[in-house]
Amino acid sequence: IKSHGGIQTILRQPFNMAEAPEVDLASKQDGQIVTPWDVEADDDEGIDYDKLIDRFGSTRISDELIERMQRLTGKTAHPWLRRGIFFSHRDFEQILDLYEAKKPFYLYTGRGPSSDALHMGHLIPFLFTKWLQDTFDVPLVIQLTDDEKYLWKGDIEKGQTLEKFYQLGKENARDIIACGFDVNKTFIFSNLEYMGHMYPTVVKIEKAVTYSQAKGIFGFIDSDNVGKHSFPAIQAAPSFPVAFPHIFGENNIEAMCLIPCAIDQDPYFRMTRDVAPRLGWKKPALLHSKFFPALTGAKSKMSASNSSTTIYVSDTPAEIKTKVNKYAFSGGQVAVEDQKKMGANLDVDVSYQWMRFFCHDDATLSKLEAEYGPGPVREGDKMLTGEAKALLIETIKPIIAKHQAARAAVTPEMVEAFMAVRTLRF
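Residues numbered from 1 in each chain as written. Predicted model: local features only at pLDDT ≥ 70, side-chain atom pairs only at ≥ 80, totals over all residues. Heavy atoms only, no water.

Points about the overall build of the chain
Now for step 1: Scanning the chain from N- to C-terminus turns up 19 helices and 11 strands.
Now for step 2: In terms of overall size, the chain behaves like a compact globule, its C-alpha atoms giving a radius of gyration of 22 Å where 426 residues would be expected to give roughly 22 Å.
Now for step 3: Projected onto the principal axes, the alpha-carbon positions of the chain cover approximately 75 × 55 × 50 Å.
Now for step 4: For the chain, buried positions account for 53% of its 426 residues. (Helix = DSSP H or I, 4+ residues; strand = E, 2+ residues; numbered from the N terminus. Rg over C-alpha atoms; globule rule 2.2 N^0.38 Å. Buried < 20%, exposed > 50% of the residue type's maximum accessible area, 1.4 Å probe, protein only.)

Below, the structure is given as structure tokens:
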């Protein structure tokens, strides 16, 4: 007990409800629902992120914050920051304070392994985290929540066993490594493998959160298995350096954590930030991204559960072309002549929205916006939906081909190296 940071002392600390007011983040409000498991909007234009910022109590990423980051790092901000795709934060200014003072912090992101391969939307947090790691030169921990996927999707009769999700985690680790992370600064771990190391941290978090709080944040119901109720503490634990004594040393509470994630993961970390002061730990900072829209439209995010309308990083060029041409929702006018005259509604057009994510050339994106959307450029001869889709196809094919080549080079030995419990160099 003593070697794990004085569990007995922590467990005697009283719980103060005044420090963590109950909220309802799990029900449908303002025509939209955003939880770690469900994302849906009534409006064709998708999620209203301004309303989401108000509901979650986060802060919009300002131009001034981006400019400060660029000034401190000497590097141009990632296109996803400049375009507002990563749009909201919690305490990112504190991370910049630490960087300016040359004090340590680390990155934490994760993956719930539910399919053999990642889809395009899954790449967003990993590619952005890779950029953050390169920009700030800091260590990174990546959690594979194989346990979570079993608790929510496990079905022995359908072959969805605990062992299945564990193996999917190992497969997904290959895709994650293919994003180019530095093995000397990156630790990837399976919850099923690493829990013994992390469990003291998990227990302290569990002790400090009431069921009433968890139910209000996550919408748990009485028929949910008990594992679901306790899982939030497991996802919270990597937010604190005490969960990684082999990286940060025994009882280290000084290193602050920065978590880049989609906004639907914020409820986990709202709970985490509520509990941190009562445990004497630093609140993690967050950078929130908007959702990568499904091919069929922005009302929901892309899901791995529908293979026909999802583009995986394992898809062939022919499959990519077929899926985009057949399923990508168009914001174009119904009649060709109307489209040539008025242009497309870019707020709902999937080809344009995907180009905002994956075309990093600002000039190309601006040209598409001007020629395909409303406005005076090419008025009367606006770009047609088929042209926009063709441009998207030619943009994402080389991205996927590059990823496939990198993944093919990832050996089992490389996976084991990234997942070994070891000291990182930073």
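Once you've had a look at it, read on.
Quick word on helix 11 (residues 226-236)
Now for step 1: Counted residue by residue, helix 11 has eight buried out of 11 residues, so it is predominantly covered.
Now for step 2: Three or more residues of helix 11 are buried, namely G227, K228, F231, P232, A233, I234, Q235 and A236.
Now for step 3: For helix 11, the secondary structure elements touched by its buried residues are strand 5 (105-111), strand 6 (140-144), helix 7 (146-153), helix 9 (191-208), helix 10 (211-218) and helix 13 (266-279). (Contact = heavy atoms within 4.5 Å.)

Observations regarding helix 9
Now for step 1: Over its 18 residues, helix 9 extends only 21 Å from the first C-alpha to the last, a length that falls short of the 26 Å expected when each residue adds 1.5 Å.
Now for step 2: If you look at helix 9, its biggest bend is around 70°, right at H197, and the proline P200 turns up within four residues after that.
Now for step 3: Of the residues making up helix 9, those classed as buried are N191, Y194, M195, M198, P200, T201, V202, K204, I205 and A208. (Expected span 1.5 Å × (residues − 1). Bend = angle between axes of the 7 residues up to and from the residue.)

As for the state of the cysteines
Now for step 1: Scanning the model with the defined rule gives zero disulfides in all.
Now for step 2: You can see C179 has no disulfide; the closest cysteine sulfur is in C261, sitting 17 Å from it.
Now for step 3: Distance from the sulfur of C261, which forms no disulfide, to the nearest cysteine sulfur (C257) is 10 Å.
Now for step 4: With relative accessibility at 7%, the residue C261 sits in the buried group. (Disulfide = S-S within 2.5 Å.)

Considering unusual backbone geometry
Across the chain, the bulk of peptide bonds are trans and the bulk of non-glycine residues have phi less than zero.
Now for step 1: The phi angle at D137 is positive, at roughly 55°, despite the residue not being glycine.
Now for step 2: Residue placement: D137 occurs in the loop between helix 6 (120-136) and strand 6.
Now for step 3: A positive phi angle, close to 60°, is found at N251, a residue other than glycine.
Now for step 4: Relative to the helices and strands, N251 resides in the loop between helix 12 (245-248) and strand 8 (256-262).
Now for step 5: The partly exposed category is assigned to N251, whose relative accessible area is 46%.

Side note on the confidence of the model for the chain
A low pLDDT score tells you not to read the predicted coordinates there in detail.
Now for step 1: On average, residues of the chain carry a pLDDT of 90, and 91% of them reach 70 or more.
Now for step 2: Residue range residues 1-22 is modelled with pLDDT below 50. Its contacts to residues more than four positions away, or to other chains, number 30 contacts. (pLDDT = per-residue confidence, 0-100.)

Quick word on the pattern of salt bridges
Oppositely charged side chains can pair when the atoms bearing their charge come close.
Now for step 1: The full count for this structure, using the stated rule, is 21 salt bridges.
Now for step 2: For D182, the salt bridge goes to K185, with nearest N and O atoms at 3.4 Å.
Now for step 3: A relative accessible area of 16% places K185 in the buried class.
Now for step 4: We note a salt bridge from K367 to E371, for which the minimum N-O separation is 3.1 Å. In this pair, K367 and E371 both sit in helix 17 (residues 362-372), four residues apart, roughly one turn of the helix.
Now for step 5: Under the relative-accessibility criterion, E371 is labelled buried at 12%. (Salt bridge = Lys/Arg side-chain N within 4 Å of Asp/Glu carboxyl O.)

What about the side chain of H246?
Now for step 1: Positionally, H246 belongs in helix 12.
Now for step 2: Look at H246 and you get buried, because its relative accessible area is 17%.
Now for step 3: A polar side-chain atom of H246 sits 3.4 Å from a polar atom in the side chain of Y194.
Now for step 4: Each residue touching H246, except ones within four places of it in the same chain, is listed here: F187, Y194, V421, R422 and T423. (Polar contact = N/O pair within 3.5 Å; in protein donor to acceptor, adjacent residues only side chain to side chain.)

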